[in-house]
Amino acid sequence: GLTPTKQIAGLMLSGILSDSLGFRSPTTTDIDKIYATELGELAELDVHDHAENMLEAKAQLDDYSVEELVMMDTKIFRLGGKMMRVSVIETTKPLDLLAKKAALVEAQSDIAKKVKLLPGPSGCVQPDARACRRMFLSSIRKGSGTFSSSSSTS
(Lines give C-alpha, C1' and ligand atoms only; values in the text may rest on other atoms or scores of the structure.)
Protein backbone atom coordinates (compact mmCIF):
# COMPACT_ATOMS: atom_id res chain seq x y z
CA GLY A 1 0.00 0.00 0.00
CA LEU A 2 0.84 3.60 -0.49
CA THR A 3 1.14 6.10 2.34
CA PRO A 4 -0.28 9.56 1.67
CA THR A 5 1.81 12.65 2.29
CA LYS A 6 1.03 14.82 5.32
CA GLN A 7 -0.97 17.24 3.15
CA ILE A 8 -2.94 14.52 1.34
CA ALA A 9 -3.66 12.76 4.66
CA GLY A 10 -5.02 16.06 6.00
CA LEU A 11 -7.28 16.44 2.98
CA MET A 12 -8.49 12.86 3.25
CA LEU A 13 -9.17 13.35 6.96
CA SER A 14 -11.09 16.56 6.20
CA GLY A 15 -13.25 14.65 3.72
CA ILE A 16 -14.17 12.00 6.30
CA LEU A 17 -14.87 14.62 8.96
CA SER A 18 -16.96 16.73 6.59
CA ASP A 19 -19.01 13.77 5.39
CA SER A 20 -19.57 12.43 8.91
CA LEU A 21 -20.08 15.87 10.53
CA GLY A 22 -17.23 15.13 12.90
CA PHE A 23 -18.66 11.63 13.55
CA ARG A 24 -22.08 13.05 14.51
CA SER A 25 -23.88 11.76 11.43
CA PRO A 26 -25.89 8.54 11.82
CA THR A 27 -24.12 7.27 8.70
CA THR A 28 -20.73 7.35 10.46
CA THR A 29 -19.06 3.93 10.56
CA ASP A 30 -16.35 2.42 12.71
CA ILE A 31 -14.18 2.33 9.57
CA ASP A 32 -14.55 6.14 9.28
CA LYS A 33 -13.19 6.50 12.80
CA ILE A 34 -10.32 4.05 12.25
CA TYR A 35 -9.18 5.75 9.05
CA ALA A 36 -9.62 9.20 10.59
CA THR A 37 -7.34 8.23 13.47
CA GLU A 38 -4.67 6.91 11.09
CA LEU A 39 -4.94 9.93 8.79
CA GLY A 40 -4.83 12.31 11.77
CA GLU A 41 -1.53 10.76 12.83
CA LEU A 42 -0.10 11.05 9.31
CA ALA A 43 -1.30 14.65 9.00
CA GLU A 44 -0.11 15.50 12.50
CA LEU A 45 -3.59 16.79 13.36
CA ASP A 46 -5.74 16.22 16.42
CA VAL A 47 -8.87 14.68 14.87
CA HIS A 48 -11.31 16.19 17.38
CA ASP A 49 -9.81 19.70 17.19
CA HIS A 50 -9.69 19.56 13.39
CA ALA A 51 -13.36 18.48 13.24
CA GLU A 52 -14.40 21.30 15.58
CA ASN A 53 -12.44 23.87 13.56
CA MET A 54 -14.08 22.64 10.35
CA LEU A 55 -17.56 22.86 11.87
CA GLU A 56 -16.88 26.37 13.15
CA ALA A 57 -15.67 27.43 9.71
CA LYS A 58 -18.84 25.98 8.18
CA ALA A 59 -20.93 28.06 10.58
CA GLN A 60 -19.53 31.32 9.20
CA LEU A 61 -22.53 32.22 7.04
CA ASP A 62 -22.60 36.02 7.34
CA ASP A 63 -21.22 36.60 3.85
CA TYR A 64 -24.04 34.63 2.18
CA SER A 65 -27.33 36.14 1.07
CA VAL A 66 -30.51 34.41 2.30
CA GLU A 67 -31.05 33.13 -1.25
CA GLU A 68 -27.57 31.58 -1.27
CA LEU A 69 -28.23 29.96 2.10
CA VAL A 70 -31.49 28.46 0.85
CA MET A 71 -29.81 27.08 -2.28
CA MET A 72 -26.54 25.94 -0.66
CA ASP A 73 -27.50 22.28 0.01
CA THR A 74 -30.66 21.48 -1.85
CA LYS A 75 -32.22 18.47 -3.53
CA ILE A 76 -35.28 17.92 -5.69
CA PHE A 77 -37.75 15.14 -4.93
CA ARG A 78 -40.96 13.82 -6.49
CA LEU A 79 -43.64 13.23 -3.87
CA GLY A 80 -47.22 12.32 -4.65
CA GLY A 81 -46.78 13.33 -8.29
CA LYS A 82 -45.43 16.76 -7.35
CA MET A 83 -41.91 18.07 -7.51
CA MET A 84 -40.42 19.79 -4.51
CA ARG A 85 -37.08 21.14 -3.46
CA VAL A 86 -35.79 20.54 0.05
CA SER A 87 -32.93 22.63 1.40
CA VAL A 88 -30.81 21.87 4.44
CA ILE A 89 -28.60 24.31 6.30
CA GLU A 90 -26.25 22.64 8.79
CA THR A 91 -24.60 24.84 11.37
CA THR A 92 -23.11 24.91 14.83
CA LYS A 93 -24.89 28.24 15.41
CA PRO A 94 -28.61 27.62 14.81
CA LEU A 95 -29.69 30.74 16.71
CA ASP A 96 -27.92 32.90 14.11
CA LEU A 97 -30.03 31.30 11.38
CA LEU A 98 -33.25 31.29 13.38
CA ALA A 99 -32.86 35.05 13.73
CA LYS A 100 -33.09 35.15 9.91
CA LYS A 101 -36.03 32.72 9.67
CA ALA A 102 -38.53 35.23 8.24
CA ALA A 103 -36.04 36.29 5.55
CA LEU A 104 -35.21 32.65 4.75
CA VAL A 105 -38.91 31.77 4.37
CA GLU A 106 -39.40 34.83 2.15
CA ALA A 107 -36.41 33.76 0.02
CA GLN A 108 -37.95 30.29 -0.33
CA SER A 109 -41.17 31.84 -1.55
CA ASP A 110 -39.37 34.20 -3.96
CA ILE A 111 -37.37 31.34 -5.46
CA ALA A 112 -40.53 29.24 -5.83
CA LYS A 113 -42.26 32.09 -7.68
CA LYS A 114 -39.34 32.58 -10.06
CA VAL A 115 -38.97 28.97 -11.15
CA LYS A 116 -41.52 26.21 -10.88
CA LEU A 117 -40.59 22.57 -10.45
CA LEU A 118 -41.74 20.85 -13.61
CA PRO A 119 -41.09 17.35 -14.93
CA GLY A 120 -38.68 17.27 -17.85
CA PRO A 121 -38.04 14.53 -20.42
CA SER A 122 -38.57 11.00 -19.06
CA GLY A 123 -40.13 12.42 -15.91
CA CYS A 124 -36.83 13.86 -14.69
CA VAL A 125 -36.79 17.24 -13.05
CA GLN A 126 -35.55 20.02 -15.26
CA PRO A 127 -31.94 20.74 -14.31
CA ASP A 128 -32.53 24.45 -13.84
CA ALA A 129 -35.49 24.02 -11.49
CA ARG A 130 -34.83 26.22 -8.46
CA ALA A 131 -38.13 26.40 -6.57
CA CYS A 132 -37.73 25.84 -2.86
CA ARG A 133 -40.62 25.04 -0.58
CA ARG A 134 -39.17 23.21 2.42
CA MET A 135 -36.09 23.87 4.49
CA PHE A 136 -34.46 22.30 7.53
CA LEU A 137 -32.09 24.16 9.83
CA SER A 138 -29.92 21.51 11.45
CA SER A 139 -27.90 22.03 14.63
CA ILE A 140 -24.81 19.87 14.22
CA ARG A 141 -23.79 19.90 17.87
CA LYS A 142 -27.26 19.31 19.34
CA GLY A 143 -28.36 16.80 16.70
CA SER A 144 -31.68 18.60 16.32
CA GLY A 145 -33.39 20.53 13.58
CA THR A 146 -36.04 23.10 12.79
CA PHE A 147 -38.43 22.76 9.88
CA SER A 148 -39.44 25.77 7.83
CA SER A 149 -41.66 26.06 4.79
CA SER A 150 -42.84 28.76 2.45
CA SER A 151 -45.80 26.55 1.53
CA SER A 152 -49.05 26.76 3.46
CA THR A 153 -49.70 23.03 2.82
CA SER A 154 -46.48 21.69 4.40
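Everything below is about the structure printed above this text.
Residues numbered from 1 in each chain as written. Predicted model: local features only at pLDDT ≥ 70, side-chain atom pairs only at ≥ 80, totals over all residues. Heavy atoms only, no water.

(A) Examining the overall build of the protein more closely. What the protein contains, in helices and strands, is six helices and four strands. Helices and strands appear in the protein in the N-to-C order α-α-α-α-β-β-α-α-β-β. The proportion of buried residues among the 154 residues of the protein is 36%. (Helix = DSSP H or I, 4+ residues; strand = E, 2+ residues; numbered from the N terminus. Buried < 20%, exposed > 50% of the residue type's maximum accessible area, 1.4 Å probe, protein only.)

(B) The arrangement of the pattern of salt bridges in detail. What the rule picks out here adds up to four salt bridges. Between Arg-24 and Glu-52 there is a salt bridge, and its shortest N-O distance comes to 2.7 Å. Here Arg-24 is found in the loop between α1 (6-19) and α2 (30-43), whereas its partner Glu-52 is found in helix α3 (residues 47-58), with 28 residues between them in sequence. Look at Glu-52 and you get buried, because its relative accessible area is 15%. Residue Asp-73 is joined to Lys-75 by a salt bridge in which the shortest nitrogen-to-oxygen separation is 3.0 Å. With relative accessibility at 29%, the residue Asp-73 sits in the partly exposed group. Residue classification places Lys-75 among the partly exposed residues on the basis of a relative accessible area of 45%. (Salt bridge = Lys/Arg side-chain N within 4 Å of Asp/Glu carboxyl O.)

(C) Here's a closer look at the side chain of Thr-28. Positionally, Thr-28 belongs in the loop between α1 and α2. For Thr-28, a relative accessible area of 18% translates into the label buried. A distance of 2.9 Å separates the side chain of Thr-28 from the backbone oxygen of Ser-25, its partner in a polar contact. Ignoring anything within four residues of it in the chain, the contact list for Thr-28 reads Ser-20, Phe-23 and Lys-33. (Polar contact = N/O pair within 3.5 Å; in protein donor to acceptor, adjacent residues only side chain to side chain. Contact = heavy atoms within 4.5 Å.)

(D) Molecular detail of the packing of α1 against α2. Following both chains from N to C, one finds α1 and α2 inclined at 150°, their axes separated by 8 Å at the closest point. Viewed along their axes, α1 and α2 adopt a mutual orientation that is roughly antiparallel. Viewed along their axes, α1 and α2 form a crossing whose handedness is left-handed. Residues Lys-6, Ala-9, Gly-10, Met-12, Leu-13 and Ile-16 of α1 form the contact with α2, whose own contacting residues are Asp-32, Tyr-35, Ala-36, Leu-39, Gly-40, Leu-42 and Ala-43. (Axes fitted to C-alpha atoms, helices over the stretch in contact; angles between N-to-C directions. Parallel < 35°, antiparallel > 145°, perpendicular 65-115°, else oblique. Left-handed = near helix turned anticlockwise from the far one by under 90°.)

(E) Examining α1 more closely. The terminal C-alpha atoms of α1, which comprises 14 residues, lie 20 Å apart, in line with the 20 Å expected from a rise of 1.5 Å per residue. Of the residues making up α1, those classed as buried are Ala-9, Gly-10, Leu-13, Ser-14, Ile-16 and Leu-17. One side of α1 carries all its buried residues, which in axial view fall inside an arc of 165°. Away from its buried face, by an angle of more than 90 degrees, α1 presents the exposed residues Gln-7, Leu-11 and Asp-19. (Expected span 1.5 Å × (residues − 1). Arc of directions from axis to C-beta.)

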